[in-house]
Amino acid sequence: MRHVLQPYRDVLARPGAPAFVATSTLARLPMSTAGIGMVLAVAQLTGSYALAGQVSAVFVITQAVCSPQLARMVDRYGQRRVMRPALAVAVLGLALVALAAALGWPAAALFAPAVLAGATIGSYGSLSRARWSALLRDDARGLHSAYSLESVLDEAVFVVGPVLATVLATTVHPVAGLVVALLSLAVGGWTFLALRASEPAPHAAGPGGTGTARHASVLRVPAVAVTVAVFVAMGAIFGAIDVATVAFAEEEGAPWAAGVVLAVFAGGSLVAGLVYGTRQWTRPVGQRFATGMVVLGLAVCPLAVVGSLPLLAVVLFLAGLSIAPTLINGNTLVQAAVPPGQLTEGLAWISTALGAGVALGSAVAGARIDAVGAHGGFLVVVVAGVLAVAAALGAGPVLRRAGTTTRVVDPV
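Residues numbered from 1 in each chain as written. Predicted model: local features only at pLDDT ≥ 70, side-chain atom pairs only at ≥ 80, totals over all residues. Heavy atoms only, no water.

Undergrad: What is the right way to read the packing of helix H11 (residues 257-276) against helix H13 (residues 309-320) from this model?
TA: Between two packed helices, both the angle of their axes relative to each other and the distance between the axes serve to describe the pair. Contact geometry for H11 and H13: axes closest at 6 Å, N-to-C directions at 25 degrees. Looking at the two axes, H11 sits roughly parallel to H13. Regarding H11 and H13, the two cross each other, and that crossing is right-handed. On H13, the residues touching Ala257, Val261, Val264, Phe265, Gly267, Gly268 and Ser269 of H11 are Leu309, Leu312, Ala313, Leu316, Phe317, Ala319 and Gly320. Across the contact of H11 with H13, the residue classes tally to 10 nonpolar, four polar and no charged. (Axes fitted to C-alpha atoms, helices over the stretch in contact; angles between N-to-C directions. Helix = DSSP H or I, 4+ residues; strand = E, 2+ residues; numbered from the N terminus. Parallel < 35°, antiparallel > 145°, perpendicular 65-115°, else oblique. Left-handed = near helix turned anticlockwise from the far one by under 90°. Contact = heavy atoms within 4.5 Å. Nonpolar A, V, L, I, M, F, W, Y, C, P; charged D, E, K, R; others polar.)

Below, the structure written as structure tokens:
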């Protein structure tokens, strides 16, 4: 075990790394608690999974649209200057969603604060990865380990978050999961942004370093564009699984089990990411990214016939094994393809793509669940898996070129 963890020990020995890693991990807990917290709160208090999925989708879509714009401002002006005001607004938005749900306000009152929170919450995983890129700019091997560690931490958040949110929402109060999200964001985000020593310098390319230079969108880079497109399909898988699992657990008479099953799903990814990050790979990163996406798309197809919670957990654990390696390779592709002055923006587009897919998947699955039950939600997952395979195969030529021509990739 010591040998397996040594690459992570090495990068965490860098000055300032443990502090920004720990605080950014707390700040990103809403990734796994805000969406499912909204689903649990609204579904339990209104009885409508469709409305629950719609509120969650509005939050995620708004985050998907606005996060790259926040990230572009961060690249130009700095993390602290941009994200501290945004953090305050995001916490307020989550608090208002929880309040509206708890007090039984009209359905329309749920959407405005969800938009407010989604527009300003940003992506603390992207901010943390940007700090690693600045800290390890001359150490490609270390950067591979750092990005792998970040993906492992993302999955750890998805192991802990759904269980915590579900248990609290089903045993304490329906809005308790949302309270966890806003508290972790407030505490983690504020302390992360207070760490000035590890903050990357703004890339102010304008005259006098004013940060007014304009850059073309990173989506014009072919490798970034196809990676983002593939991640939309991946996010649709995640969104549909979240809502369908909650509904299936309720149908089985064990609503508390939804968080456990989703944690098992994330646990498979965590294990794979932990192992994946300790090895150096010879196959081009673009090929590995496409292969991982195809494996995930095919692995979720058995959900069409799952009939029990234990079997659901097994299928999701096996499917989860392909997630973290695919995320690691996707982040590596983007980091390698974009100019240094647009790194945060490039990494944010990955979160945006996943978020857009999650919103689509959860909304469609929620509608099908209301119509025909949890099985309809799992059929949406299968459709999303098929689309993910098609997207990965269609992007294959660009990904193969990207994996061999980008300026920095995995060390061999």
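From this point, the discussion proceeds with the structure in view.
Undergrad: What is the right way to look at the layout of surface pockets in this model?
TA: Regions of empty space are outlined by a rolling probe, equal in size to a water molecule, passed over the atoms. Taken as a whole, the largest pocket holds about 440 Å³ of empty space. Along the walls of the largest pocket sit 24 residues, with Ser133, Ala134, His203, Pro340 and Leu343 positioned nearest its centre. Those elements that place two or more of their residues in the lining of the largest pocket are helix H4 (49-77), helix H7 (124-135), helix H8 (140-171) and helix H15 (343-372). In terms of residue count, H7 provides more of the lining of the largest pocket than any other element does, three residues in total. The residue makeup of the lining of the largest pocket, split by class, is 14 nonpolar, six polar and four charged. (1 Å grid on protein atoms, 1.4 Å probe; cavity = no way out; pocket = protein on both sides within 12 Å on 5 of 7 lines; lining within 4 Å. Points joined across faces, edges and corners; volume = space filled by probe spheres on them.)

Undergrad: How should the environment of Val389 be read in this particular structure?
TA: Tracing the backbone shows Val389 in helix H16 (residues 374-394). Of the residues examined, Val389 reaches a relative accessible area of 14% and is grouped as buried. Counting along the chain gives 94 residues from Val389 to Val295, while the straight-line C-alpha distance between them is 8.0 Å. Filtering out sequence-adjacent residues up to four positions away, Val389 remains in contact with Val294, Gly297 and Leu298. (Buried < 20%, exposed > 50% of the residue type's maximum accessible area, 1.4 Å probe, protein only.)

Undergrad: Please clarify how H15 should be interpreted in this entry.
TA: Note that an α-helix has 3.6 residues per turn; residues three or four places apart therefore point the same way. When the terminal C-alpha atoms of H15 are compared, their 44 Å separation across 30 residues agrees well with the 44 Å that a helix rising 1.5 Å per residue should span. Taken from the residues just after H15, Gly373 is the one with a positive phi, measuring 100 degrees. (Expected span 1.5 Å × (residues − 1).)

Undergrad: Is there a simple way to explain the packing of aromatic side chains in this structure?
TA: Here the structure, examined in full by the defined rule, presents five aromatic pairs. Look at Tyr124 and Phe192: their rings are 5.9 Å apart centre to centre, the planes differ by 85 degrees, and that puts the pair in the edge-to-face class. Pair noted here: Tyr124 is in helix H7 and Phe192 is in helix H9 (residues 176-193), with a separation of 68 residues, a long-range link. In this structure, Tyr124 and Phe192 share a single accessibility class: buried. Seen from the ring of Trp190, Arg84 lies directly overhead, with NZ or CZ sitting 3.8 Å from the centre. (Phe/Tyr/Trp six-rings, centres within 6.5 Å; stacked < 30°, edge-to-face > 60°. Lys NZ or Arg CZ within 6 Å of the ring centre and 35° of its normal.)

It is worth stressing that arrangement in space is one thing and function is another; only the former is reported here.
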